[in-house]
Amino acid sequence: YNFSPGISETEDVFFRSRISTGLDWVILGEGSMQRKKEAKRIFNQQFRRDSLQLNLQNNSFSLHNRQLLLQHIFDLHRLEILNKYQEIVQMQAVYQNKMYQAKLGSSADKISADNQSQAVSGMIDVYKNYLSQNIPDHLVKQYWNIPYVDVVLPDLSAINADNLLKEEEVLVQMQKDLLSSRQKPGDKPSLRAKFRYNYYDNAEQTGRSFASVGASLSVPIRFGKDNRSLAYEMAAYDDNLYAEKLKLKDRLTAQHKDFYLLKNKLFQLQNEISYVEALLKNETEVYQKQNKNFSPAKYIEYAGMLVQKKLAVLDVKEQLCEKYVLFH
C-alpha cells in the first residue's frame, strides 16, 4: 500500500495498493534440489569420515585385546615351567622334613625348603588367579608357539614420515573437503524462477489483475579472491598432520632402538641358560655314574637357576612381542 501523499508532493503514484501471490521455484541456491543433493553429498562425506574415525578408534581396542592375548599365552607358559619346578621343590621339602625328623638335618634346611616350596606355590596361585577368562581356547592353540617365534622389525630406514598415518591422511582430506563444502550459501549464486498473480488497485480507475513470470539471479561479487580464512584452516590441517607424522617417526625410532636392546638382552639370557643347562647335564652324568660327589642340593640349586632364567626369557620375549605389535 503506497502512502499518499508520498515523500515528495510531485510523486507520480499511479496505484494505491498492490497484492501479489504466486510460486517461487528455487533452481540454484538455498532450498533448491541441487542444494539438497549437495547436503546429501556432505552427509555422506561426514558418514565416511566418522566411519574412518571409528575404525581408527577400534584399532586401539584391537591392540588392547592383542596385548591381553599375549599376556595370557605367556602366563600359561610361565605356569607350565613353575608346575614342573614345583614338583622338585616339593620333593626337596618332603626330603628335608624327613631328614629333620630323623635328626639328620637342621631346622634351617627344613625351613628353607618349606619357604621355597611355598614361594613357588604362591607364584602359581597368582598367575592362575589373573588368567583371563575371556580368551577362547582356539586362540590359545593358534598362538601357543608365539614365545618361540623370532620376531624382527623392518629396517630402520623404512621409518619414513611420508609412509606414516596414511589412514589419518585420508581423514584429513575428508575434513578439508567438508570444510570447502560448508561455504556460506551467500558465497554461491542463487537463481529463482517466479510465477505471480497480481492485483493493482488504482486510485483513478478500477482495479485490474494480471499474471507474470520472471526470474531473479543473485551473484556474489568479490573484489579479489579473499579466501584467506579457508586457506588458513586448510593449511592448519596439513601442518598438524605433518607434525603428528614427525612425532610418530621419533616414537617409532625410539621403539625400534628399545626393541633391539631387548633382543640383545634375550641373547645374553639364552647364553646363560645354555651354561646352566650344561651344569645340570654334568650333575646328571655324575648321578648316572653313581659318583659320591653327586649332590641333590646342587642339582636343585641349578634347577632353580634354570627356572629363573627361563622366566626371565619369557618376560623379555613377552616385551618383544608387545613392542612388535605396538610398533606395527
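Procedures and definitions
Residues numbered from 1 in each chain as written. Predicted model: local features only at pLDDT ≥ 70, side-chain atom pairs only at ≥ 80, totals over all residues. Heavy atoms only, no water. Helix = DSSP H or I, 4+ residues; strand = E, 2+ residues; numbered from the N terminus. Buried < 20%, exposed > 50% of the residue type's maximum accessible area, 1.4 Å probe, protein only. Contact = heavy atoms within 4.5 Å. Areas by Shrake-Rupley, 256 points an atom, 1.4 Å probe, with all protein chains shown as cover. Expected span 1.5 Å × (residues − 1). Patch = residues over 30% accessible without salt bridge, like charges linked within 9 Å, V, L, I, M, F, W, Y side chains within 5 Å. Salt bridge = Lys/Arg side-chain N within 4 Å of Asp/Glu carboxyl O. Pairing = 2+ DSSP bridges. Phe/Tyr/Trp six-rings, centres within 6.5 Å; stacked < 30°, edge-to-face > 60°. Lys NZ or Arg CZ within 6 Å of the ring centre and 35° of its normal. Axes fitted to C-alpha atoms, helices over the stretch in contact; angles between N-to-C directions. Parallel < 35°, antiparallel > 145°, perpendicular 65-115°, else oblique. Left-handed = near helix turned anticlockwise from the far one by under 90°. Nonpolar A, V, L, I, M, F, W, Y, C, P; charged D, E, K, R; others polar.

S.K.: Explain the overall build of the protein chain to me, please; I cannot follow it from the model alone.
M.R.: Scanning the protein chain from terminus to terminus reveals 6 helices and 3 strands. The order of α-helices and β-strands along the protein chain, N terminus first, is β-α-α-α-α-β-β-α-α. Burial analysis of the protein chain (328 residues in total) assigns 27% to the buried set. Looking at the protein chain alone, contacts between residues at least 24 apart form 79% of all its contacts between residues at least 6 apart. For the protein chain, the accessible area works out to roughly 23,100 Å², and carbon and sulfur atoms hold 54% of it.

S.K.: Help me understand helix H2 (residues 107–129), please; the structure alone is not making it clear to me.
M.R.: Note: α-helices contain 3.6 residues per turn, so residues at a spacing of three or four share the same orientation. Over its 23 residues, H2 extends 32 Å from the first C-alpha to the last, a length consistent with the 33 Å expected when each residue adds 1.5 Å. Taken together, the buried positions of H2 are Ala113, Asp114, Ser117, Val120 and Ile124.

S.K.: Would you explain a nonpolar patch on the surface in this entry?
M.R.: On the surface, Leu23, Phe195 and Val213 cluster together into a nonpolar patch covering about 340 Å² of accessible area. Here Val213 lies in strand S3 (residues 208–218).

S.K.: Looking at this structure, I do not really get the pattern of salt bridges. What am I missing?
M.R.: Between side chains of opposite charge, pairing is possible as soon as their charged atoms come close. Counted according to the given criterion, the structure contains 9 salt bridges. For the salt bridge of Arg78 with Asp75, the shortest nitrogen-to-oxygen distance reads 2.7 Å. A residue pair is termed a helical-turn pair when its members lie 3 or 4 positions apart in one helix, as Arg78 and Asp75 do in helix H1 (residues 33–101) at 3 residues. Neither residue differs from the other here; Arg78 and Asp75 are each classed as buried. Because the salt bridges share partners, they merge into one network encompassing Asp75, Arg78, Asp315 and Glu318.

S.K.: Would you take a moment to explain the pairing of strand S2 (residues 190–201) for this structure?
M.R.: If a strand is regular, its side chains alternate between the two faces of the sheet. As paired elements, strand S1 (residues 17–28) and S2 share 11 bridges and run antiparallel to each other. Bridge pairing links Trp25 to Ala193 in S2. By the bridge criterion, 11 bridges tie S2 to S3 in an arrangement that is antiparallel. Pairing of Asn198 across the sheet is with Phe210, part of S3.

S.K.: Just to check I follow, could you spell out the packing of aromatic side chains for this structure?
M.R.: Two measures describe an aromatic ring pair: the distance that separates the ring centres and the angle between the ring planes. Taken as a whole, this structure holds 2 aromatic pairs when the rule is applied. Centroid distance Phe259 to Tyr260: 5.0 Å. Interplanar angle 75 degrees. Geometry classified as edge-to-face. Under the relative-accessibility criterion, Phe259 is labelled buried at 0%. Over the ring of Tyr100 we find Lys110; its NZ or CZ atom is 5.9 Å from the centre of that ring.

S.K.: For this particular structure, what's the right way to read the packing of helix H5 (residues 228–288) against helix H6 (residues 296–327)?
M.R.: The geometry of a pair of packed helices is captured by two quantities: the angle between their axes and the separation between those axes. Contact geometry of H5 with H6 gives a least axis separation of 9 Å together with a crossing angle of 160 degrees. Taken together, H5 and H6 sit at an angle that is classed as roughly antiparallel. Pair H5 / H6 crosses with left-handed handedness. Its residues placed into classes, the contact of H5 with H6 shows 21 nonpolar, 5 polar and 11 charged.

Remember that the coordinates give geometry; whether it matters functionally is a separate question.
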